[in-house]
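Summary of the model geometry
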Amino acid sequence: MTFEYVLLDGVNDAPENAREVVRLLNGIRAKVNLIALNPGPDIPYKTPRQDRVEKFQQILLNGDIPAFIRRPRGRDIYAACGQLKRTERLVSIG
């Protein structure tokens, strides 16, 4: 089983959050893909620093949870995971 975990700076990227993931997945044959938030217009959250993402990963690995950091692609053109949305507002005519 694979879990996707989106890390939000200051929201769910702290060591205690990582330890909670280890606790929840204890005994489950699973891996975790860690995804640092891809920022975009109108998103009120921030991308965590790389060192925080790596520390989160290390806590999972130390808890025997395979964890992989997904590398973003397309972030600069708002085409990365979670960014594919309309960036212009629609105007109603009527």
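See the structure shown above.
Note that this is a predicted model, so its numbers are computed, not measured.

Conventions adopted
- Residue numbering note: each chain is counted from 1, following its sequence as written.
- Only residues with pLDDT of at least 70 get local features here, since the model is predicted, and only at 80 or more are side-chain atom pairs given and counted; chain-wide, interface and lining totals rely on the full set of residues.
- As a convention, hydrogens and water are excluded, and side-chain values are obtained from all of the structure's heavy atoms.
- Starting at the N terminus, helices and strands are each numbered in turn, a helix being any DSSP run of H or I of at least four residues and a strand any DSSP run of E of at least two.
- Polar contacts, as counted here, are pairs of nitrogen or oxygen atoms within 3.5 Å of one another; within protein the pair requires one atom able to donate a hydrogen and one able to accept it, and residues that are adjacent in sequence qualify only if both atoms are side-chain atoms.
- Throughout this description, buried means an accessible area under 20% of the type-specific maximum (1.4 Å probe, protein chains only), exposed means over 50%, and partly exposed covers the range between.
- What the arc covers is the set of directions going from the helix axis to the C-beta atoms.
- Axis definition: a line fitted to C-alpha atoms, limited for helices to the stretch in contact. Angles are taken between N-to-C directions and run from 0 to 180 degrees.
- Any angle between 65 and 115 degrees counts as roughly perpendicular, while under 35 counts as roughly parallel, over 145 as roughly antiparallel, and the rest as oblique.
- Crossing handedness: left-handed means the near helix sits turned counterclockwise from the far one by under a right angle, and right-handed means the same turn made clockwise.
- Throughout, a contact is declared for two residues whenever any of their heavy atoms are within 4.5 Å.
- Here the nonpolar group is Ala, Val, Leu, Ile, Met, Phe, Trp, Tyr, Cys and Pro; Asp, Glu, Lys and Arg are the charged ones; every other residue, Gly included, is treated as polar.

The next thing to look at is the environment of Arg 49. The topology assignment puts Arg 49 in the loop between strand S2 (31-36) and helix H2 (50-62). Residues Arg 49 and Asp 13, 36 residues apart in the sequence, show an inter-C-alpha distance of 9.5 Å. A polar side-chain atom of Arg 49 sits 2.9 Å from a polar atom in the side chain of Asp 51.

Among the residues of helix H1 (residues 15-25), Ala 18, Val 21, Val 22 and Leu 25 are the ones counted as buried. Looking straight down H1, one finds its buried side chains confined to an arc of 100°; they lie on one side.

It is the contact of H1 with H2, at a shortest axis distance of 9 Å, that shows an interaxial angle of 30°. Comparing their axes, H2 and H1 come out roughly parallel. Our pair here, H1 against H2, has a crossing hand that is right-handed. Across the interface between the two elements, Pro 15, Asn 17, Ala 18, Arg 19, Val 21 and Val 22 from H1 touch Lys 55, Phe 56, Ile 59 and Leu 60 from H2. In terms of residue class, the contact of H1 with H2 is made up of seven nonpolar, one polar and two charged.

The residue Val 21 is located in helix H1 in this model. A residue is classified by how much of its surface remains accessible, and Val 21, at 11% relative accessible area, is buried. Placed 42 residues apart in sequence, Val 21 and Gly 63 show a C-alpha to C-alpha distance of 9.4 Å. Residues contacting Val 21, with those up to four places away along its chain left out, are Tyr 5, Val 32, Phe 56 and Leu 60.

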